[in-house]
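Structural features, examined
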Amino acid sequence: LLQVFKEEGISVGVDTCGHVPWANIERMLPYIDFFLWDIKHMNPEIHKKLTGVSNELILSNARSVAERNIHLYIRFPVIPGYNDSEENIRATCEFARGLSSLVELQLLPGHNLGRSVYDSLDRTCPIAAIPLISANILQDMKQLVESYGLKCSIEA
């Protein structure tokens, strides 16, 4: 399917955290125009605590994609109290700055859009206790990212 898209001139992007064997990614590279690459935390132990897996494979694969000159958009889901510390944002920027094919770093603030679905099913939303981040704090984060010479956007 990816080959047909490429032959038809259809741009293909992959939204991933990159936690797969490199061989799976490498097989697709001739047909991929860009990656949306989630990075949730730079500390491998904290990443494992939050997600169940270390970030080492994720970061290694992102470096390998960048080395092959495929456009990368680093997506940083901002989760207050979990990964929004200045230290983690700076570490993410340092990593991103080393990716030669980086297009931009995208800040992804949490939202309430899915909570009504949980309510309608009479279920507890697992992220209901996580507060939303203010627009002012997001702007401060954006300025911090840009201070590293990186292009940054805040995605809705």
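Residues numbered from 1 in each chain as written. Predicted model: local features only at pLDDT ≥ 70, side-chain atom pairs only at ≥ 80, totals over all residues. Heavy atoms only, no water.

What follows is about the pairing of strand 2 (residues 34-38). Most of strand 2 is tucked away: 4 of the 5 residues are buried. Alignment of strand 2 against strand 3 (residues 71-78), held across 5 bridges, turns out to be parallel. Residue pairing across strands places L36 opposite Y73, the latter belonging to strand 3. (Buried < 20%, exposed > 50% of the residue type's maximum accessible area, 1.4 Å probe, protein only. Helix = DSSP H or I, 4+ residues; strand = E, 2+ residues; numbered from the N terminus. Pairing = 2+ DSSP bridges.)

For the rest of this paragraph, the subject is helix 3 (residues 44-51). Two to three positions downstream of the cap, the backbone nitrogen of E45 sits 2.9 Å from a side-chain oxygen, assigning the N-cap of helix 3 to N43. One or two steps after helix 3, the chain reaches G52, where phi turns positive at roughly 95 degrees. (Polar contact = N/O pair within 3.5 Å; in protein donor to acceptor, adjacent residues only side chain to side chain.)

The subject of this paragraph is unusual backbone geometry. A positive phi is found at N69, a non-glycine position, where the angle reads about 65 degrees. With respect to the element layout, N69 can be found in the loop between helix 4 (56-67) and strand 3. In the Ramachandran plot, D122 falls in the positive-phi region, its phi being about 55 degrees despite a non-glycine side chain.

Quick look at the nonpolar core now. Within the largest apolar cluster, 36 residues are counted, with the highest numbers of intra-cluster contacts made by F35, W37 and V65. Taken together, the elements giving at least two residues each to this core come down to helix 2 (22-28), strand 2, helix 4, strand 3, helix 5 (86-97), strand 4 (102-109) and helix 7 (135-146). With 5 residues, helix 4 is the single largest residue contributor to this core. When sequence neighbours within four positions are dropped, the list of residues in contact with V65 reads W22, I25, F35, W37, I70, L72 and S101. (Core = buried A, V, L, I, M, F, W, Y, C linked by side-chain atoms within 4.5 Å. Contact = heavy atoms within 4.5 Å.)

Before going further, it helps to spend a moment on helix 7. Its 12 residues give helix 7 an end-to-end C-alpha distance of 16 Å, which sits within 8% of 16 Å, the value for a rise of 1.5 Å per residue. Of all the positions in helix 7, only L138, M141, L144 and V145 are classed as buried. One side of helix 7 holds all its buried residues, which, seen down the axis, span an arc of 115 degrees. Turned more than 90 degrees from where helix 7 packs its buried face, A135, N136 and Q143 sit exposed. (Expected span 1.5 Å × (residues − 1). Arc of directions from axis to C-beta.)

Spatial ordering of the open sheet is given by 1-2-3-4-5, a layout of 5 strands whose pairing is parallel. Single-partner strands in this sheet number two, and they are strand 1 (13-16) and strand 5 (152-154). Each neighbouring strand pair of the sheet contributes to a mean axis angle of 20 degrees, computed without reference to strand direction. Pairing geometry for strand 4 and strand 5, over 3 bridges, is parallel. If you follow L107 over to strand 5, its bridge partner there is I154. Each of strand 3, strand 4 and strand 5 is contacted by helix 7, which is oriented at about 165 degrees to strand 5, the strand it contacts most. (Axes fitted to C-alpha atoms, helices over the stretch in contact; angles between N-to-C directions.)

On to the environment of Y118, then. Its place among the elements puts Y118 in helix 6 (residues 115-120). Residues Y118 and A62 lie 56 residues apart in sequence; the distance between their C-alpha atoms is 34 Å.

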